[in-house]
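Each chain is listed here by its residues.
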Amino acid sequence: MAAAGCAAAIAVLVHSSSRGDLTTTPFEPATQSVAVTASVEVPSTVPPLKDPTGLATEEDLGRLRFTDVSHTAGFRDPQSTLQLLDSESMSSGVAVGDVDGDGDEDVVLTRIGLLNQLMLNDGEGRFTDVGAQVGIGGAPGQQSSSATFGDIDNDGCLDLYLGGAGTTDSHLYRNDCAGSFTDVTRTAGVSLPVGVSEASGVNQDHGATFSDFDHDGDQDLLVLDWDTSFFGGEGARAAGSLVVDGTPKTCEAMARIRAAGFDRAPGARPNRSRLFRNNGDGSFEDATESVGLRLSEIAAFTGQFADIDSDGWEDLLIAGDFCTSRVYRNLRGEGFEDITAAAGVATEENGMGSVIADLNADGFLDWFVTSVGYPTAPGTCPLQGLYGGCTGNRVYYGRGDGTFVDGTDASGLRYGWWGWGAAVEDFNNDGRPEVVMTNGYQESESFSPVSTDPNEQYFSRFVDDPLRYFTTVEDRFVDGAPLLGLTDTSIGHGLVPFDFDLDGDLDILIANFGKPAKLYRNDLNEPNHWLRVQVVGPGSSTHHIGEGAKVLAKYEGGSITKLLTRSGSYESSKPLEVHFGLGAAAGPVEIEIWWPGADTPQLERVDSIDAVVQFTRR
């Protein structure tokens, strides 16, 4: 790049192997990239602020602490031994669920160049890998990304979908309820088009979500592909420069590309994002176009279904890169309508992780989207090309009618550096939510010596991103991770909260890239009460009944609304249950379950708390 402060013509060359590189690579000729050229003034190096996020004190955190038990619990194997960089290093997925039906949660970890793992929980805090034995390990050298559990045939056993990465395709595995899995990708009809080409790189299937969007009693499957081929089309060429006044303006540029059309680069691989409708017998059909979803216009990472407009039907929210996040209203199972503009969302440059939860306790579902934050004193973003952003995460407070209000700055949750997976849960059982997010990125320019080059300085900041734990102090979130023992600085992607030791508080599992997974045991020493709610359905699977339901707990001193879902975070799947912290309230607890499609809630009462309770849908 030209020296800082000098005028230069910057050719922004788009390719799939790097999210921020301004030049071609040895393995991809310039003729296969798209040059969007603009003569701009390259700004002087703009260092980031040290960290504008507020910090919690020991008093704020009380007697909550976490202990790293990864090694003793059995998480010792690296996710990969390959030296991958850039967009090829964006995967390390995790799914948590009770695979063997013994009452405790097991773990699937996806891997790059190594066999996938199914870590069975022995109920005493130790996990053992049986992935190869049960049939989900994959072939030697395989590469997998996202992981999610569901029940495709209503037999009560958890089936598994693993997203494809590199040159490995995605796979759907059916659980035979006897301890083994069978690859049914082709017979179930969920094969994806070949995803590898010289023009658009390798497989990038980062998102997978099961949901009964049409309310016909079986689980449908959403698969999302981080596909950037539209940057190579004529629409992107017509849109012009992606740099305005010397700083990237990704969202403005994307609006121009959207208006000009989302045609694809010549020779690009087909887009692999799909919504598959379950036929009721464990087989699927591609319903993407018939329901009106234009998924090829999204550089998609994470999708979630949730009823955000209070009509009883789960809408679709997708966190997408380069200002492509979208919100689709569910038209009573017959189709989807893009309401993104009216919803007031999708202002983040790099939407990656997603959590739908009630952050401000008003009873409506909010949307937390992780993104890239690089705060600078003048508020500018170092010129480093098409892919990066600087303005951080987003908090969209829901109104319950399908629209949102941006509460990012008021919440204190804007900056988590290069964000990926996240969770919104009550880890100290005090009745208020906390936010945990993992982060980090390694670009080829991340490891350059100390330099005045803004591109190198930008990416070097994200190599050792610290894990974040945001807790509420005076109605604003502040970070308390270091004081709690949450000190991981690895590049973490998947993140799942779950109670692995069944002691009533939520632990944290992080799928790190290139390193072993990190398991933090919650060692809460507070007399706070809690309640965990699961749902079952008569005559059908216990493993998807209630997906998308809203569960409201009312107790002395407060009320909490939760979304019942496995989805969210990034490349992750969590247990299908909701956890309520009750603080000092000793019960009773009144429960309202708003089932998908129901006009009135199912009412329940719990007198004995500090327990896991199950309710059957009536």
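Below is a summary of the structure that appears in this document. (Residues numbered from 1 in each chain as written. Predicted model: local features only at pLDDT ≥ 70, side-chain atom pairs only at ≥ 80, totals over all residues. Heavy atoms only, no water.)

Our next topic: the overall build of the protein. For the protein, the count of helices and strands is nine helices and 41 strands. Residues counted as buried form 63% of the 618 residues belonging to the protein. Residue pairs at least 24 apart in sequence account for 63% of intrachain contacts in the protein once pairs closer than 6 positions are excluded. Accessible area of the protein: about 21300 Å², with a carbon and sulfur share of 50%. (Helix = DSSP H or I, 4+ residues; strand = E, 2+ residues; numbered from the N terminus. Buried < 20%, exposed > 50% of the residue type's maximum accessible area, 1.4 Å probe, protein only. Contact = heavy atoms within 4.5 Å. Areas by Shrake-Rupley, 256 points an atom, 1.4 Å probe, with all protein chains shown as cover.)

Now for the state of the cysteines. Tallied over the full model, the rule gives three disulfides. Through a disulfide, Cys-157 is tied to Cys-177; the S-S separation comes to 2.0 Å. Because the torsion about its S-S bond is 125°, the bridge between Cys-157 and Cys-177 counts as right-handed. With a gap of 20 residues between them, Cys-157 in the loop between strand 8 (144-150) and strand 9 (159-166) and Cys-177 in the loop between strand 10 (171-175) and strand 11 (181-183) connect regions that are remote in the sequence. Listing the disulfide partners of the protein by sequence rank of the bonded cysteines yields 1-2, 3-4, 5-6. (Disulfide = S-S within 2.5 Å.)

In space, the four strands of this open sheet follow the order 36-35-39-40, with antiparallel pairing throughout. Each having just a single partner strand, strand 36 (558-563) and strand 40 (602-606) make up the two edges of the open sheet. Across the sheet, the mean angle separating the axes of adjacent strands is 20° when strand polarity is ignored. Summarising the sheet, strand 39 (residues 589-594) and strand 40 pair through five bridges and their orientation is antiparallel. When the bridges of strand 40 are listed, Val-589 appears paired with Val-606. (Pairing = 2+ DSSP bridges. Axes fitted to C-alpha atoms, helices over the stretch in contact; angles between N-to-C directions.)

With that settled, consider helix 5 (residues 250-260). Residues Thr-250, Ala-253, Met-254 and Ile-257 constitute the buried set of helix 5. Considered in projection along helix 5, the buried side chains sweep an arc of 100° and stay on one side of the axis. Phi for Gly-261, located one or two positions after helix 5, is positive at around 115°. (Arc of directions from axis to C-beta.)

The next thing to look at is the packing of aromatic side chains. This structure, assessed with the given rule, holds 25 aromatic pairs. When the ring of Trp-226 is compared with that of Phe-322, the centres are 6.1 Å apart and the planes differ by 50°; the resulting orientation is tilted. In this pair, Trp-226 sits in the loop between strand 14 (220-224) and helix 4 (234-239) while Phe-322 sits in the loop between strand 20 (315-321) and strand 21 (326-330), placing the two residues 96 residues apart along the sequence. An angle of 55° between the planes, with centres 4.8 Å apart, marks the rings of Phe-230 and Phe-231 as tilted. Neither residue differs from the other here; Phe-230 and Phe-231 are each classed as buried. (Phe/Tyr/Trp six-rings, centres within 6.5 Å; stacked < 30°, edge-to-face > 60°.)

Moving on to the pairing of strand 5 (residues 106-109). Neither face of strand 5 is exposed, since Asp-106 and Val-108 on one face and Val-107 and Leu-109 on the opposite face are all buried. Judged from the three bridges that link them, strand 5 and strand 6 (residues 117-121) form a sheet pairing that is antiparallel. Looking at strand 6, one finds that Val-107 is bridged to Met-119.

Moving on, we come to the environment of Leu-192. Mapped onto the elements, Leu-192 comes out in the loop between strand 11 and strand 12 (203-204). Leu-192 sits 21 residues away from His-171 along the chain, and the two C-alpha atoms are 9.5 Å apart. In this view, Leu-192 contacts Tyr-161, Asp-169, Ser-170, Asp-205, Val-223, Arg-272, Arg-274 and Phe-276; residues no more than four positions away in its chain are not counted.

Read from one edge to the other, the open sheet built from three strands follows the order 38-34-41, with strand pairing classed as mixed. Looking at which strands have only one partner, the edges of the open sheet turn out to be strand 38 (578-583) and strand 41 (611-616). Neighbour to neighbour, the strand axes of the sheet diverge by 25° on average, direction disregarded. Of the pairings in the sheet, the one linking strand 34 (residues 529-536) to strand 38 comprises five bridges and is antiparallel in character. Considered in strand 38, the bridge of Arg-532 is made with His-579.

Core analysis: the largest hydrophobic core is formed by 26 residues, its most contacted members being Met-254, Trp-418, Trp-420, Tyr-458 and Phe-462. If you list the elements that add at least two residues to this core, you get helix 4, helix 5, strand 19 (299-306) and helix 8 (454-460). Counting residues in hydrophobic clusters, the runner-up holds 23 residues, among them Val-533, Leu-576, Val-578 and Leu-582. (Core = buried A, V, L, I, M, F, W, Y, C linked by side-chain atoms within 4.5 Å.)

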